[in-house]
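Results of the structural survey
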Amino acid sequence: FAPEEESSLASRRSVSLPADFFSLTKKLNNVEYRKAINYLKSRNIDYNDIVRWRIGFCRTGEYEGRVCIPSFDERGDLSYFIARSYKNKFPKYKNPPVDRNIVFNELYIDWTEPVIIVEGVFDAIVAGNALPLLGSTLLERSETFKKIVTKSPTIYMALDSDASKKEMSIIKLLLQYDLNIYKIDTTGYDDVGSMTKEQFLKRKEEAVLIDQTNYLYQCLSL
């Protein structure tokens, strides 16, 4: 490895869940537990999602009052986590100070099936076999981009409706690698995470194939 690659890998290995992380798969007779569960329900996240994504929360400490969603790499090692306040504290998100150039929850991605690209983790939970960008950009040098190009799955783009121009820039980049790309219409919703799974599935079924021929037309229609 080059020195910078060794440093990056070392920083990823150093990440660990908060000491007071408590799995929400275990029932707890506690007010904070119920608040965390109710918050997840308000985000259309059910018990099966909690189990699959290994979601927990913190009652005390640095991440007090936050639900925590861990990310695991393809080997099953913890690579990152998202900590979101369920009390609307500022900042809403408080994440570990480690390298975030990762493929979020790669352990659970089925590259033989279509992969949905979304902005956030809560979007990914609703979407299913999804890659959250942890933002609205996808750089060629990122681990997520490299993995997409290597695996070459069919891609469904489902960024927030206010990020349409950024989404089309990503599509233009991916088209250079001969990927099959579909665009999901997310208008009418704040984001994918605000949809029910049934609503998202319907939008996915109505997705439009984007190729070199109709790319410019899609851009002009924004």
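Since the structure is predicted, the reported quantities are computational estimates derived from the model, not experimental observations.

1. Topic: the pairing of strand β5 (residues 115–118)
- Neither face of β5 is left uncovered, since the one carrying Val115 and Ile117 and the one carrying Ile116 and Val118 both have all their residues buried.
- Pairing geometry for β5 and strand β7 (residues 155–157), over three bridges, is parallel. If you follow Val115 over to β7, its bridge partner there is Ile155.
- One ladder, built from three bridges, connects β5 with strand β6 (residues 130–132); its direction is parallel. Its bridge partner lying in β6, Ile116 is registered against Ala130.
- Regarding topology, helix α4 (residues 121–127) serves as the crossover connection from β5 to the parallel β6, and that connection is right-handed.

2. Quick look at the sheet that holds strand β8 (residues 181–183)
- Read from one edge of the open sheet, five strands run β6-β5-β7-β8-β9, paired in mixed fashion. Two strands bound the open sheet, and with one partner strand each, they are β6 and β9 (208–210). On average, each strand axis in the sheet is inclined to that of its neighbour by 30 degrees, with strand direction left out of account.
- Sitting on the sheet, helix α6 (residues 164–175) is in contact with β5, β7, β8 and β9, with an inclination near 165 degrees to β8.

3. Points about helix α2 (residues 31–42)
- Under the 1.5 Å per step criterion, the end-to-end length of α2 is 17 Å for twelve residues, consistent within 8% with the ideal 16 Å.
- All of the buried residues along α2 are Glu32, Tyr33, Ala36, Ile37, Tyr39 and Leu40. Seen along its axis, α2 keeps its buried residues to an arc of 160 degrees; they face one direction. Summarising the geometry of α2, the exposed residues directed more than 90 degrees from the buried face are Lys41 and Ser42.
- Where α2 is buried, its residues contact α3 (47–52), β2 (56–58), β3 (66–72), β4 (78–85) and α4.
- Two to three positions downstream of the cap, the backbone nitrogen of Glu32 sits 2.7 Å from a side-chain oxygen, assigning the N-cap of α2 to Asn30.

4. Focus: the pattern of salt bridges
- Taken as a whole and judged by the stated rule, the model has 13 salt bridges.
- Among the ionic pairs, Lys94 bridges to Glu62, the shortest N-O distance being 3.8 Å. Residue Lys94 is located in the loop between β4 and β5, and its partner Glu62 is located in the loop between β2 and β3; the two are separated by 32 residues in the primary sequence.
- Note on Lys94: relative accessible area 28%, which makes it partly exposed.
- What makes Glu62 exposed here is its relative accessible area of 54%.

5. Considering the side chain of Lys183
- Residue placement: Lys183 occurs in strand β8.
- Judged by its relative accessible area of 16%, Lys183 falls in the buried class.
- Of note is the side chain of Lys183, whose polar atom sits 3.2 Å from the side chain of Glu167.

6. Here we look at the nonpolar core
- With 44 residues, the main nonpolar core has Leu24, Leu40, Ile55, Val67 and Phe200 as its most contacted residues.
- Contributions of two or more residues to this core are made by α2, β2, β3, β4, β5 and α4.
- Broken down by element, this core gets its largest block of residues, six residues, from α4.
- Residues Val115, Phe145, Leu179 and Ile210 belong to the second largest nonpolar core, which totals 23 residues.

Thresholds, definitions, all that
- Residues numbered from 1 in each chain as written.
- Predicted model: local features only at pLDDT ≥ 70, side-chain atom pairs only at ≥ 80, totals over all residues.
- Heavy atoms only, no water.
- Buried < 20%, exposed > 50% of the residue type's maximum accessible area, 1.4 Å probe, protein only.
- Helix = DSSP H or I, 4+ residues; strand = E, 2+ residues; numbered from the N terminus.
- Pairing = 2+ DSSP bridges.
- Right-handed = clockwise from strand over helix to strand, strands pointing away.
- Axes fitted to C-alpha atoms, helices over the stretch in contact; angles between N-to-C directions.
- Contact = heavy atoms within 4.5 Å.
- Expected span 1.5 Å × (residues − 1).
- Arc of directions from axis to C-beta.
- Polar contact = N/O pair within 3.5 Å; in protein donor to acceptor, adjacent residues only side chain to side chain.
- Salt bridge = Lys/Arg side-chain N within 4 Å of Asp/Glu carboxyl O.
- Core = buried A, V, L, I, M, F, W, Y, C linked by side-chain atoms within 4.5 Å.

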